[in-house]
Amino acid sequence: MALLTFKGGVHPPDHKELSAGSPIKELEPPEQAVIPLSQHIGAPCSPAVEIGQEVRKGQLIGEPGGFVSAAVHASVSGKVVAMKDILNPMGRMVRSVVVQNDKKEEWAPLQDNPDYMKLSPDELKEKIKNAGIVGMGGATFPTHVKLSPPKEKPIDVVIINGAECEPYLTADHRLMVESPGEVLEGLKILMKVLGVNKGYVGIENNKPDAIEKMREAASSEPHIEIVALEVKYPQGAEKMLIKAITDREVPAGGLPMDVGVVVQNVGTAFAVYEACRYGKPLIERVVTVTGHGIANPSNFRARIGTPIRELIDAAGGFTQDAVKVVLGGPMMGFAVSDLEIPVTKGTSGVLVLSKSEYAPAEKFGPCIRCGRCIDACPMGLMPSMLSILSEKGFYEDTKEYNIFDCFECGTCTYVCPAKRPIVQLIRLAKMLVKR
Amino acid sequence: MAVAKKEQELIVSVSPHIRSEESTSRIMWTVTLSLLPAFAMAVYYFGPRAVYVTALCIVGSLFSEWLVQRMAGKEITIKDGSAFLTGVLLGLNMPSSVPFYIPLVASFVAVAITKQLFGGLGYNIFNPALIGRAFALITWPRAMTTWFTPTAAFMGMDATTTATPLGIMKEEGVQKLLEVFGDKMTLYTKLLIGYRAGSLGETSVIALLIGAAFLLYKRYISWHIPVSFLATVGVLTWIFGGKEGLFTGDPIVHLLSGGLMLGAWFMATDYVTCPSVKKGQIIFGIGCGFLTALIRLKAGYPEGVMFAILLMNCFTPLIDRNLKSRVFGARKEAGK
Ligand code: SF4
Ligand code: SF4
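Here we summarise the structure given alongside this text. (Residues numbered from 1 in each chain as written. Chains lettered and ligands numbered in written order. Predicted model: local features only at pLDDT ≥ 70, side-chain atom pairs only at ≥ 80, totals over all residues. Heavy atoms only, no water.)

## Some thoughts on the layout of surface pockets
Turning to step 1, where the next piece is worked out: When its volume is computed, the second largest pocket comes out at roughly 1,400 Å³.
Turning to step 2, where the next piece is worked out: Residue lining of the second largest pocket: 49 residues in total, with G9, R372, D375 and A376 of chain A together with R219 of chain B positioned closest to the centre.
Turning to step 3, where the next piece is worked out: Among the secondary structure elements, those contributing two or more residues to the lining of the second largest pocket are α9 (372–376) and α11 (411–415) of chain A together with α11 (224–240) and α14 (278–298) of chain B.
Turning to step 4, where the next piece is worked out: Ranked by the residues each element gives to the lining of the second largest pocket, the list is headed by α9 of chain A, at four residues.
Turning to step 5, where the next piece is worked out: Residues belonging to the lining of the second largest pocket are distributed by class as follows: 22 nonpolar, twelve polar and 15 charged. (1 Å grid on protein atoms, 1.4 Å probe; cavity = no way out; pocket = protein on both sides within 12 Å on 5 of 7 lines; lining within 4 Å. Points joined across faces, edges and corners; volume = space filled by probe spheres on them. Helix = DSSP H or I, 4+ residues; strand = E, 2+ residues; numbered from the N terminus. Nonpolar A, V, L, I, M, F, W, Y, C, P; charged D, E, K, R; others polar.)

## Describing the site of ligand 2
Turning to step 1, where the next piece is worked out: As a matter of local geometry, ligand 2 sits amid C367, I368, R369, C370, G371, R372, C373, S384, C416, P417, R420 and I422 of chain A.
Turning to step 2, where the next piece is worked out: When grouped by side-chain class, the residues that make up the shell around ligand 2 number seven nonpolar, two polar and three charged. (Near = heavy atom within 4 Å.)

## Some thoughts on the nonpolar core
Turning to step 1, where the next piece is worked out: Counting 73 residues, the largest nonpolar core has L35, M94, L187, F229, F266, F284 and I309 of chain B as the members making the most contacts within it.
Turning to step 2, where the next piece is worked out: Each of domain 1 (24–144) and domain 2 (163–321) of chain B accounts for three or more of the residues forming this core.
Turning to step 3, where the next piece is worked out: Once you skip the residues sitting within four places of it in the chain, L35 of chain B turns out to touch L85, V88, L89, L92, L262 and F266 of chain B.
Turning to step 4, where the next piece is worked out: Counting 45 residues, the second largest nonpolar core, distinct from the first, contains I133, M136, A171 and V201 of chain A. (Core = buried A, V, L, I, M, F, W, Y, C linked by side-chain atoms within 4.5 Å. Buried < 20%, exposed > 50% of the residue type's maximum accessible area, 1.4 Å probe, protein only. Domains from an automatic or database assignment. Contact = heavy atoms within 4.5 Å.)

## Brief notes about the site of ligand 1
Residue and element names in this part refer to chain A.
Turning to step 1, where the next piece is worked out: Around ligand 1, 13 residues are found, and the nearest of them are C377, C406, C409, C412 and V423.
Turning to step 2, where the next piece is worked out: Of all the secondary-structure elements, those providing two or more residues to the shell around ligand 1 are α11 and α12 (422–432).
Turning to step 3, where the next piece is worked out: Each residue belonging to the shell around ligand 1 can be placed in one class, and the counts come to ten nonpolar, two polar and one charged.

## Looking at empty space enclosed by the protein
All names here are of chain B.
Turning to step 1, where the next piece is worked out: Counting across every chain of the model gives five cavities of 30 Å³ or more.
Turning to step 2, where the next piece is worked out: Space inside the largest cavity adds up to approximately 320 Å³.
Turning to step 3, where the next piece is worked out: Mapped onto the lining of the largest cavity, the elements with two or more residues apiece are α1 (24–34), α4 (82–92), α6 (128–139) and α13 (260–267).
Turning to step 4, where the next piece is worked out: If you tally residues by element for the lining of the largest cavity, the top one is α4, at four residues.

## Describing the sheet that holds strand β3 (residues 46–47) of chain A
All names here are of chain A.
Turning to step 1, where the next piece is worked out: Here we have three strands laid out as an open sheet, ordered β3-β5-β6, and antiparallel in their pairing. Only two strands of the sheet have a single partner each, and these edge strands are β3 and β6 (72–73).
Turning to step 2, where the next piece is worked out: Bridging between strand β5 (residues 60–63) and β6 involves two bridges; their strand directions are antiparallel. Bridging from a neighbouring strand, G62 pairs with V72 of β6. (Pairing = 2+ DSSP bridges.)

## Thoughts on the sheet that holds strand β10 (residues 199–204) of chain A
Strand-to-strand pairing in sheets goes through backbone hydrogen bonds, with the strands running parallel or antiparallel.
Residues and elements named next belong to chain A.
Turning to step 1, where the next piece is worked out: Taken together, the four strands give an open sheet; going across it, the order is β11-β10-β9-β12, and neighbouring strands pair in parallel fashion. Unpaired on one side and paired on the other, β11 (224–229) and β12 (261–265) mark the two borders of the sheet. Across this sheet, the average inter-strand angle for adjacent strands is 25°, counted without regard to direction.
Turning to step 2, where the next piece is worked out: By the bridge criterion, six bridges tie β10 to β11 in an arrangement that is parallel. Bridge pairing in β11 places V201 opposite I226.
Turning to step 3, where the next piece is worked out: Most of the contacts of helix α4 (residues 180–194) go to strand β9 (residues 157–162), to which it runs at about 150°, and overall it touches β9, β10, β11 and β12.
Turning to step 4, where the next piece is worked out: Against the sheet, helix α5 (residues 208–217) engages β10 and β11, with an angle of about 170° to β11. (Axes fitted to C-alpha atoms, helices over the stretch in contact; angles between N-to-C directions.)

## Points about helix α6 (residues 238–246) of chain A
All names here are of chain A.
Turning to step 1, where the next piece is worked out: Among the nine residues that make up α6, seven are buried, leaving the element largely enclosed by the rest of the structure.
Turning to step 2, where the next piece is worked out: Next to the buried residues of α6 lie β9, β10, β11 and β12.
Turning to step 3, where the next piece is worked out: One or two positions beyond α6, positive phi appears at D247, with a value near 60°.

Below, the structure written as C-alpha cells:
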C-alpha cells in the first residue's frame, strides 16, 4: 500500500537509530521533585497542599484553575518542602511545588477498574480529567477538553498520533513497541468517550517494528486501523496527520473537530488507559534522552518533576562536544541552559546536540527567492514573503500572506539555503501585528 | 565518556535547532559546475578564445561586485559564487570573437548595475547576465553578431564568418539551411552536438542537457519553467513557423538552435528573477516561449530568447503577487 502523507514537508536526518533500540528504563525517582502547577495550555492550577504537608504518590497537589486546565499530582511520596517560581523552558515563571522524596513510594488510594470498558463515556471522561492528562506530544492541551466537543461538531474519527515526526525522538516509538495493547486500549476508551467507531493509529514508516506490534495488537479490532505514513516532517502535525489519514482538510484557522476528528498522542493514549484502568494519575512519562552530545542515548520512564540533569546523568552524561540542550525535538523544541528544569507532562525528549549537529545561525543572507520554503511549507504559505515583510517592518502586510495559519513548525527555516531566521521573523510579526 | 559541562557553556537559541546542508553559495557553485559540459564544448569548438572571453566576464563580474560593495561599505560577498556564476553565464552568451572590452563592460552592466544597484543578490528584477548581454548587443550590434564557424574559430581563420542557423533561416528560409548542412539528419545532429555558429555556450544542446539533467536530479531547478517554455516554442513554431501555411514549421530546428536551451534551462530558471510559486512558473515559461516564438518568427531579430526572458522578468513580481500558493485548508473559492 502506498504510504499516506501530505503536500510539502522535509526530510531531515532523523537519527532515531541513536535511541530507537533502547528499551524504556525506569528512572530512579528524584530526591526532590519540582512539580510545576502549570504544565498545560490553559489556566494554571492553584496549590492544593501546604508547605510541610505529607503527600503520597498520586495525590492531588494542584487544583485545576478552570475547565481548560489540568490537575497536577505528586509524583513521589514525601513532604512538601517549598513552593517556588521556576523558569519553564518557554521562559515563563511558573509556581511549582517541591516534594522531598521519602523513598517510601506510597500511593494515594487508587481506584482499580478491571471493567473500565463498562463505564459510561462521562465516567471515563471524568477519570481522564481527574488524572490530569494532557497532550503529551508537546502541545499539552488538556485531554478532557478535546474530548468535550460542542454539540454542533460531531466527531466520527479518533486518530492516535504515532508519527513522532520530530527527528531523534523515540519515546512514542518505544511505547508502541513495548505496550501496544495499552495504547490500543487507550484508543478504545477515547473512541467510547466520543461515541466514535472509527479509530486510526498513524505511524511513520521508519518504525516498522511499532507498526507490526500495533497491527498484531489490533488484529481483532475491526474498527481500528494502523496506517503507515511516509517519513516526513511535520507528518505528526495534527492537520497534516488528518489530511494524510482521512484526506480531510481542516479549514484555515479551524480545529480538527471542524472535520470531525480528534487527535491524541501515543503517550496520551497510554496515560488514558492507565487512568481508566487503574485510576492512575499522570505522574510519569517516557522521555527520550538522545543526541550526539549524550554518551548513551536512552529512553526513560521518568517522574514528572525530575530535573533534566538526572536524566542526562542516567544516560551517561554529556560527550566532549555537547553544545546545546533542547527540550523536545530539534525542529520545535526549546533550548535551555538550566539543567534543574524539571520533566513535565509535555517533555517528550531531552536532546543534546553536539558541535557537529548544531547549526550556528547567526549569519544569514538575503532571500534568493529559490522557493524551497514555499514548496516545503505544509500550510501552503509563502514563508519567504513573510520573512521579508517582517524583516522590513511591514507587519500588517503579513496578514495578506496568511501569517496566522503558520504553526511555527520550522520547516521553512530548516530548508532555507540563505539560512534566514524565517520562523523567528514570523513570530516577531505575529506579536506585533494587530489581529 | 561523561563530561562535566558548565551550564554557561550551553548555547541557547530558538528552534529549529537543525538546518539543512544547503546554502546559497553551494547552490551557486553547483549551478556553475552544471555549466562545465557546455563550457568544455565551447573550448572544444572555439578554442582558447572561449577561455579568454569567459575569463574576462568572470573577472569583470567579480571585480564589479567587489567594487560596488566596497564603495557602499557593504560586506564583500564575491565568494558566494553568484557573481562568478553571472560571469560564466555571460561568457557563454558571447560570440567567440568579441574584443576584450565588451565582456568587461557587459559584466559591469550585469553585476554592478543590474544586480548591485537594485539592492544586490535577491533584489534584482532582471537577470544580470541577460541585461549585460542585451546592453552589449545594442551597443556593439556588429561585434555581438559576428559568428565564426566552430572550426574556423579554432584554427584562427578569422576571415570565415558565417550566420547562425536561425539567422540563415530568417533570411533565406529552412531550405537554405538544409543546403548548408546537407540533409535533415545532419542538420539535427550538428545542432545537437553543437557544431554550428553561435554564442560560446549555447551551441551544444547535448552538453546543456547534461548540465540541466544534473540540476534536475539535484532538485536545484524544477521542470516547470523549462518545459513550459520549450513546449510553447515548439508548438508555436510548428504551427506558425512554416512558409507553406499552418502546421508546416520545423519545431525541432527551433528547439535546437539559438540560445533556447541555455536560456530555458539556465537563465529563465534563475531563482531571483523568476516566480517562486510553481503555478506562476508555468505562466512564466509559457510567456517566455510565446515571446521567443513571436520575435523569431515576426520580428527583426533572428533570436528572441534573451528579450523574451527579460520581458517576462518584468512580470515576475506581478505573477508572484497574484498567484500565491494555495493555503492549506483554504476554502476552494478563496484559494486563488
Ligand atoms: S513555520 Fe510556518 S511558514 Fe514555516 S513551514 Fe512551518 S507553517 Fe510554514
Ligand atoms: S528558502 Fe530562503 S532563500 Fe529560498 S525563497 Fe525561502 S526564504 Fe528565500
